[in-house]
Amino acid sequence: MRDPLSALSDAFTAFLFGKVETTRLPVRTSTGQAQAVYLPTAAPGLGDSGVIIGREVYSGKGYIYDPFQLYGQQLPAPHWLVLGESGNGKSALEKTYVLRQLRFRDRQVVVLDAQGEDGVGEWNLIAQELGLTPIRLDPTSALNGGIRLNPLDPAITTTGQLALLRTIIEVAMGHGLDERSGFALKVAHAYVNETITDRQPVLTDIVDQLRHPEPESAEAMNVDIDDVRAWGLDVALVLDRLVDGDLRGMFDGPTSVGIDLDAPLIVFDLSHIDRNSIAMPILMAIVGVWLEHTWIRPDRKKRIFLVEEAWHIINSPFVAQLFQRLLKFGRRLGLSFVAVVHHLSDVVDGAAAREAAAILKMASTRTIYAQKADEARATGRVLGLPRWAVEIIPTLTPGIAVWDVNGNVQVVKHLITEAERPLVFTDRAMTESSAADLLPEDVRAAELEAEQRAARIEHQQRLNESSESTVA
């Protein structure tokens, strides 16, 4: 019971200033009960047409993604960048994504498989399940009936052949060709294409012509024949590596017959190539251009080009320039380029920073698995991720990733079916992905912990935004 003096004071105050708010006692409650005050909200999804990836962590809704369905409406480009450290589920995502895409009849996929164990690439099991044989590029077996790709294949235009030859040489030399070396290569290539008509021209023909140029090539520029030979000497030495060096046999002959470019899945097994050698970017350049001219066709099919260890492409200025053209050209013909990279710093701080920025800009979809805090902040700055997403990346558990689809940012748990599990978690994947070694109850516990942590961060972010808007 209030005393008369307090009641009189409140009445007088109300008369002067209006009715005052009722004083209420504080209410003690739990977080579980108080959360009912905040109505559940969830960002809009990407639609219900395409390939199911898993479920959104915050809302529990199914997460469906398909660049071909979204292109032109929610996506300016169908290309996709996948980032994250080993052991967090990148390989599982890529494989299940491809398997699910192949259920559509108008899909075709090419994979550059740069990793593997026991003498085969990690996509070997999936290829076998589909009744396909990977195209294994191996310098030790190329001379004994192995697979061979010809950079001078007639299926490639003469302009494409010359661009490919220049790229091979520039990658191997580590710098661009000067005008004189470029001239020597151009005249040698032109002469070989004009004079050899009864078979496929091969790299040996180019090397021979560079060593022994025709007098006509010197007369056309009013220079001495010895000068033309000197200009082409370094070029000949680089190409000789493909003819008689450590890459011998893979590119110095006609393209192998029997490569089925109409197969739903084509796997180029590069696991026998040293990933840290100069051979890897050369291989990727040759395969990329060869596919551009022989695989991509205006036949209304939707094609996916997935590249493991893609930093070999993005980190080389000359290879990156070729793939930039491929990406721009491919958008008109239904090509989605998927680049898998461990660390963004591998490319943005490399020799091809400008080219890397251009390729990253084309990737309207970015999927980021767990990274260390410093790497996550750097990734967030480059990709323009919201602050809450950057904060949550270091806390993500295997199988959970931040998805940024042209500004639509979600935290997504990738789901794998029992039928897919034996194909996805191969021996190598078992050593990389700790999720495969956990019991089901342990996996669920880890998921719940990550979801709760993510919810707390998002809730705090919303409170901060609300406070900022109130102050404003």
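Starting from 1, residues in each chain are numbered consecutively following that chain's sequence as written. Reporting in this predicted model follows two pLDDT cut-offs: at least 70 for local features of residues, and 80 or more for side-chain atom pairs to be given and counted; totals over whole chains, interfaces and linings ignore these cut-offs and use all residues. Computation of side-chain values covers all heavy atoms of the structure but excludes hydrogens and water.

Trainee: Just checking my understanding: could you explain the packing of aromatic side chains for this structure?
Mentor: The geometry of an aromatic ring pair comes down to the distance between the two centres and the angle between the two planes. Ring pairs shown here join Phe, Tyr and Trp side chains whose ring centres sit within 6.5 Å, with only the six-membered ring taken for Trp; geometry is labelled stacked below 30 degrees between planes, edge-to-face above 60, and tilted in between. Taken as a whole, this structure holds 13 aromatic pairs when the rule is applied. Consider the rings of Trp-295 and Phe-305, whose centres lie 6.5 Å apart with planes at 70°: the pair is edge-to-face. Of this pair, Trp-295 sits in the loop between helix H12 (279–294) and strand S9 (302–307) while Phe-305 sits in strand S9, and the two are 10 residues apart along the sequence. Burial status follows relative accessibility: with a 1.4 Å probe on protein chains alone, a residue under 20% of its type maximum counts as buried, one over 50% as exposed, and anything between as partly exposed. With a relative accessible area of 1%, Trp-295 lands in the buried category. Ring-pair connections join several aromatic residues into one group, and the members of that group are Tyr-63, Tyr-65, Trp-80, Tyr-97 and Trp-403. Two conditions define a charge sitting above a ring: the NZ of Lys or the CZ of Arg must be within 6 Å of the ring centre, and it must be within 35 degrees of the ring normal. Of note, Arg-107 hangs over the ring of Phe-104, and the distance from its end group to the ring centre comes to 4.7 Å. The lysine or arginine in question, Arg-303, covers the ring of Trp-295, its NZ or CZ lying 5.5 Å from the ring centre. Think of it this way: any DSSP run of H or I at least four residues long counts as a helix, any run of E at least two long counts as a strand, and we number them from the N terminus.

Trainee: Can you help me understand the nonpolar core in this one?
Mentor: Inside soluble globular proteins, nonpolar side chains tend to come together where they are buried. What makes a nonpolar core is a set of buried Ala, Val, Leu, Ile, Met, Phe, Trp, Tyr and Cys residues whose side-chain atoms join them at distances within 4.5 Å. Within the largest apolar cluster, 131 residues are counted, with the highest numbers of intra-cluster contacts made by Ile-53, Tyr-65, Leu-239, Leu-265, Phe-268, Phe-305 and Trp-403. Take this core: its biggest share by element is 11 residues, from H12. Segmentation of the chain into domains, including their bounds, is taken from an automatic or database domain assignment. Inspection of this core shows a minimum of three residues originating in each of domain 1 (57–147 + 260–430) and domain 2 (151–255). Only heavy atoms matter for contacts: two residues are in contact if any of them lie within 4.5 Å across the pair. The residues contacting Leu-265, other than those within four sequence positions of it, are Val-98, Leu-102, Val-109, Val-111, Ile-126, Leu-130 and Leu-132.

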